[in-house]
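# Observations on the three-dimensional arrangement
These are the residues of each chain, in order.
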Amino acid sequence: MFEKNLSRRGFVTGAAAVAGLAGLSAVAPGLAGADPKIGDQHVESEFAPAVGAQAALITFQKIDGTPVYYWRSNRGNTTARNWQATQAFYDALVTWIRDLRSLSSSYGSISYIVSAGFYVDKDGQHGAGTAMDLDHVRWSGGNTISPLDQAHASGTAATRKRYLATEAVCRRRFRYVLDGWYNADHHDHIHSDFGGMPVRVLKDSEADTKFVQATCNNFRAAGLDIDGIWGPKTQSAFDGLKSALAVSGDPHTTTSVWQGMLSKIATKGFANQNI
Ligand SMILES: [Zn+2]
């Protein structure tokens, strides 16, 4: 697979050479393709082929100063690891983690995050270096959220709210966000990528609709089927959510309106409050 990638995308050659020169090839998950099952390719993004697939990759061990670890082969490992993504995607990750710090500031600072992959040697957004699989977040105050441990299906309501809060922050900066409700492939990580931008909430998106349904259920006991179909009950629940959060404007068409609504959901979720 590695040779195939080299022949398909010459830009990797330079990055591989840099990693090799630095003696870091043993910790280059992107180049090695961490786990072919991780770093999924998924239906929604297949309709939105990655743009700029030939863009060069950069290598990073931290996002805006926060370490990014890899636990898929060694749970709890805190060894620095070389990840890869495009510069543009890394820049989006910086805005994402700054949002996360700000919205979860009552938890203290973010000690580290854990990922299953960014650039991965495969087709789609991961292959373009424009995707992230988020496994875990740890705050300095001791709180964690662990999609890796299927926090979306936790028996503890506060944990499910925290999962949705974390996902809401992802959705502020990424359009295609796939979670544990979306499908079985995402039961253990939250996927975010550059497909389908700009950010907004779409009624014909299964992933968006499931996020809305899960949010209405977990914050407002809406009792919806999380089926990804935006029907009258989901519309009514969404209207109630929007009203309770005092959101004006159209989150289906206006990025800033949806981002503001997501911030309010995240704030409630990190505070373990109903809406
Ligand atoms: Zn993914």
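Use the structure listed above.
What this report covers is the structure whose coordinates are included nearby. (Residues numbered from 1 in each chain as written. Predicted model: local features only at pLDDT ≥ 70, side-chain atom pairs only at ≥ 80, totals over all residues. Heavy atoms only, no water.)

### Examining the packing of aromatic side chains
Put simply, the rule reads: Classification of ring pairs uses Phe, Tyr and Trp, with its six-membered ring standing for Trp, and accepts pairs whose centres are within 6.5 Å; under 30 degrees between planes counts as stacked, over 60 as edge-to-face, and the remaining range as tilted. Strands are runs of DSSP state E lasting at least two residues, helices are runs of H or I lasting at least four, and both sets are numbered from the N terminus onward. Exposure is judged per residue with a 1.4 Å probe applied to protein chains only, and the accessible area is read against the type maximum: over 50% gives exposed, under 20% gives buried, and values in between give partly exposed.
By the definition in use, this model includes 16 aromatic pairs. Centre to centre, the rings of F60 and Y90 are 5.2 Å apart; their planes meet at 55°, and the pair counts as tilted. Pair noted here: F60 is in strand β1 (residues 57-60) and Y90 is in helix α5 (residues 87-103), with a separation of 30 residues, a long-range link. Note on F60: relative accessible area 5%, which makes it buried.

### What to know about the pairing of strand β9 (residues 190-193)
Selection criterion: Paired strands are those between which DSSP finds at least two bridges.
Because side chains alternate across β9, one face comprises the buried residues I190 and S192, and the other comprises H191 and D193, equally buried. Pairing between strand β6 (residues 131-139) and β9: four bridges, direction antiparallel. Opposite A131, over in β9, you have D193 as the bridge partner. Judged from the three bridges that link them, strand β8 (residues 176-178) and β9 form a sheet pairing that is antiparallel.

### Description of the environment of T78
Inspection of the secondary structure assignment puts T78 in the loop between β3 (66-69) and β4 (83-86). Taking the C-alpha atoms as reference, T78 lies 9.2 Å from V114; in sequence the two are 36 residues apart.

### A look at the nonpolar core
The line we're drawing: Throughout, nonpolar core names a set of buried Ala, Val, Leu, Ile, Met, Phe, Trp, Tyr and Cys residues whose side chains join them through atoms within 4.5 Å. In this description, contact between two residues means that some pair of their heavy atoms is separated by no more than 4.5 Å.
Among the nonpolar cores identified, the biggest contains 57 residues, and I63, L93, W96, I113, F118, W258 and F270 are the most heavily contacted of them. Of all the secondary-structure elements, those providing two or more residues to this core are β4, α5, β5 (110-117), β6, α7 (157-173), α8 (206-220), α9 (232-244) and α10 (255-270). It is α5 that contributes the most residues to this core, nine residues altogether. In this structure, L93 is in contact with F60, I63, F118, M132 and F174, ignoring residues within four places of it in sequence. Within the second largest apolar cluster, five residues are counted, among which are Y69, W71, V114 and L148.

### What about the pattern of salt bridges?
Close approach of charged atoms allows side chains of opposite charge to pair. Rules: Whenever a carboxyl oxygen of Asp or Glu lies within 4 Å of a side-chain nitrogen of Lys or Arg, that contact is scored as a salt bridge.
Taken as a whole and judged by the stated rule, the model has eleven salt bridges. The closest approach of N and O atoms between R72 and D135, which form a salt bridge, is 2.8 Å. Here the residue R72 occupies a position in the loop between β3 and β4, and D135 occupies one in strand β6, the gap between them amounting to 63 residues. R72 sits in the partly exposed class, given a relative accessible area of 23%. Between D188 and R72 there is a salt bridge whose closest N-O contact spans 2.9 Å. Here D188, found in the loop between β8 and β9, pairs with R72, found in the loop between β3 and β4; they are 116 residues apart in sequence, far enough to count as distant. It is possible to trace a salt-bridge network through shared partners that takes in E167, R171, R175 and D208.

### Topic: the packing of α8 against α10
We apply this condition: For helices, the fitted axis covers only the stretch in contact; all axes are lines through C-alpha atoms, and the angles between them, taken along N-to-C directions, range from 0 to 180 degrees. Here is the rule for handedness: rotate from the far helix to the near one, and if that takes an anticlockwise turn smaller than a right angle the crossing is left-handed, while a clockwise turn gives right-handed. Residue type decides the class: Asp, Glu, Lys and Arg count as charged, Ala, Val, Leu, Ile, Met, Phe, Trp, Tyr, Cys and Pro as nonpolar, and the leftover types, Gly among them, as polar.
One way to put it is that α8 packs onto α10 with a least axis distance of 12 Å and a crossing angle of 40°. For the pair α8 and α10, the sense of crossing is left-handed. Touching F211, V212, T215 and F219 of α8 are W258, L262, I265, K268 and G269, all from α10. Partitioned by chemical class, the residues of the contact of α8 with α10 number six nonpolar, two polar and one charged.

### Some thoughts on the side chain of H191
Mapped onto the elements of the fold, H191 is located in strand β9. Its relative accessible area of 0% is what places H191 among the buried residues.

### A word on α8
This is how the line gets drawn: Multiplying one less than the number of residues by 1.5 Å gives the expected span of a helix.
The first and last C-alpha atoms of α8 sit 20 Å apart over 15 residues, in line with the 21 Å expected at 1.5 Å per residue. α8 sits mainly inside the fold: 13 of its 15 residues count as buried. Immediately downstream of α8, the backbone of A221 shows phi near 50°, a positive value.

### As for α9
Put simply, the test is: Summarising the geometry, the arc corresponds to the directions from the helix axis toward the C-beta atoms.
Taking 1.5 Å of rise per residue, the 13 residues of α9 would be expected to cover 18 Å, and the 18 Å separating its terminal C-alpha atoms lies within 8% of that figure. Listing the buried residues of α9 in full gives T234, A237, F238 and L241. Viewed along the axis of α9, the buried residues span an arc of 100°, placing them on a single side of the element. Exposed residues on α9 whose side chains face more than 90 degrees from its buried face are P232 and S243.

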